Amino acid sequence: GAPFRGEVRSDADRSLHPWLRLMRLVLLALAVLAAPAFAQTPLTIGIEAEGTLTSDGAVPFSIELEAGQFVYGEADQRTVDVVINVAGPDGMDVVRIDQSGRGPEPFTFTTSDAGTYTLTVTPFARESGDFALAILRAEPEATTPEGRLAQSMAAFDTDDRPGAIVAVIRDGEVDVARTYGQANLAHGLPLTRTTRYNNGYDSKQIAGVFFALMAEEGRLTLDDDVRTYLPELPDFGTTVTLRHLLNHTSGYREVYGPLAMTGRTVGGDILDRQDAIDVVMRQPDLQFAPGSRHLYNSTAYVLLTTIAERIVEQPYPDWMDDNVFGPLGMTQTTIEREPGDVIPNMARSYTTTDRGTFR
């Protein structure tokens, strides 16, 4: 499928009958005429090139680049999930990109040699459909930490997609902090250094801090029986300890699976603390013997926060504010009192849809 690039002659060619040589020249001419069907479409920086993929097809593009350049581009996956393979002037692969299924597919690479770089677009899983490809930036590769950071975050540095905050900590101090993109797409609110994020499952580490502090103060041991603090939980004939809860080895069933089987929508319906406790109350036995397996478990951490409140006789978020976040100067960090709490200056969370838009 490569374009015709030249002719290699041998002594045998010179001995060919004239009409055979003529026929050969005709065939070579036809090959040249046919070459555009397989030729690479040249790309111009900042200008989008459109393409259509069949299930087993490939569409090649080319661009002339200098050595030592940072290159940023995007594919618009309109109706097909694309895979992009970038090859250098020597034909060797530089990078392969296949991250998202629809919408923008950003990519970056750096050039080591000057010359023609080939970007070949193929369909993922034998899909077919339309796409567009554009090289948006081609500039000298940054040499400063700040410049390299900015180039690495190029895909987020827009006003129409969710972004990120990046900080570099050196010797305990913020050395560099930059924000990219939006905190709220509906209202066009950009991220700032004080925007709050939902830490999600990372919050489990904070619960670990609470129980480590309680153990240091001698108010509990991590090998205490969970039913010492929650005697209403069923006795399954074997001891489940605080350590089992913390290490995801308790054998209690994960809250989301059983609730989904009852028709509750995870990520749609609001699931509260009692929902997780009810799952434990209703399960006929443990999923496995405590300590025998590791299985990620949110139910355990709901139980842990309930235990925490019984130990300190105070709402868990208030105790953490007074005893952990406050002393550490974490003035922008808090814990939800209940699902759906209004948290000022909060970034929204987003995912992509099948149409390539954000939800």
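It should be noted that the structure appears before, not after, this text.
Residues numbered from 1 in each chain as written. Predicted model: local features only at pLDDT ≥ 70, side-chain atom pairs only at ≥ 80, totals over all residues. Heavy atoms only, no water.

Draft legend 1. Spatial organisation of the packing of aromatic side chains. Enumeration according to the criterion identifies seven aromatic pairs in this entry. Each ring, one from Phe 61 and one from Phe 131, has its centre 6.1 Å from the other, and the planes form 85 degrees; the classification is edge-to-face. Residue Phe 61 is found in strand E3 (residues 59–65), and its partner Phe 131 is found in strand E9 (residues 129–140); the two are separated by 70 residues along the sequence. For the pair Phe 61 and Phe 131, a shared accessibility class is recorded, and that class is buried. Seen from their ring centres, Phe 210 and Tyr 316 are 6.0 Å apart, and the 75 degrees between their planes marks the pair as edge-to-face. Of this pair, Phe 210 sits in helix H4 (residues 203–216) while Tyr 316 sits in helix H9 (residues 316–325), and the two are 106 residues apart along the sequence. No difference in accessibility class separates Phe 210 from Tyr 316, as the two residues are buried. Through successive ring pairs, a cluster of aromatic residues spans Phe 210, Phe 211, Tyr 316 and Trp 319. The side chain of Lys 204 reaches across the aromatic face of Tyr 301, ending 5.6 Å from its centre. (Phe/Tyr/Trp six-rings, centres within 6.5 Å; stacked < 30°, edge-to-face > 60°. Helix = DSSP H or I, 4+ residues; strand = E, 2+ residues; numbered from the N terminus. Buried < 20%, exposed > 50% of the residue type's maximum accessible area, 1.4 Å probe, protein only. Lys NZ or Arg CZ within 6 Å of the ring centre and 35° of its normal.)

Draft legend 2. Main features of the sheet that holds strand E7 (residues 103–110). The antiparallel open sheet is built from four strands, whose spatial order is E2-E9-E4-E7. The strands lining the two open edges of the sheet, one partner per strand, are strand E2 (49–53) and E7. Direction aside, neighbouring strands of the sheet carry axes that sit 25 degrees apart on average. Relative to E9, E2 runs antiparallel, the two sharing five bridges. Each bridged residue has a counterpart across the sheet, and for Thr 52 the counterpart in E9 is Asp 130. (Pairing = 2+ DSSP bridges. Axes fitted to C-alpha atoms, helices over the stretch in contact; angles between N-to-C directions.)

Draft legend 3. Region of the structure containing the side chain of His 244. Tracing the backbone through its elements, the reader meets His 244 in helix H5 (residues 242–246). Among the residues examined, His 244 registers a relative accessible area of 16% and is labelled buried. When sequence neighbours within four positions are dropped, the list of residues in contact with His 244 reads Thr 239, Thr 249, Ser 250, Pro 290 and Gly 291. (Contact = heavy atoms within 4.5 Å.)

Everything listed is a geometric property; what it means functionally is a separate question.
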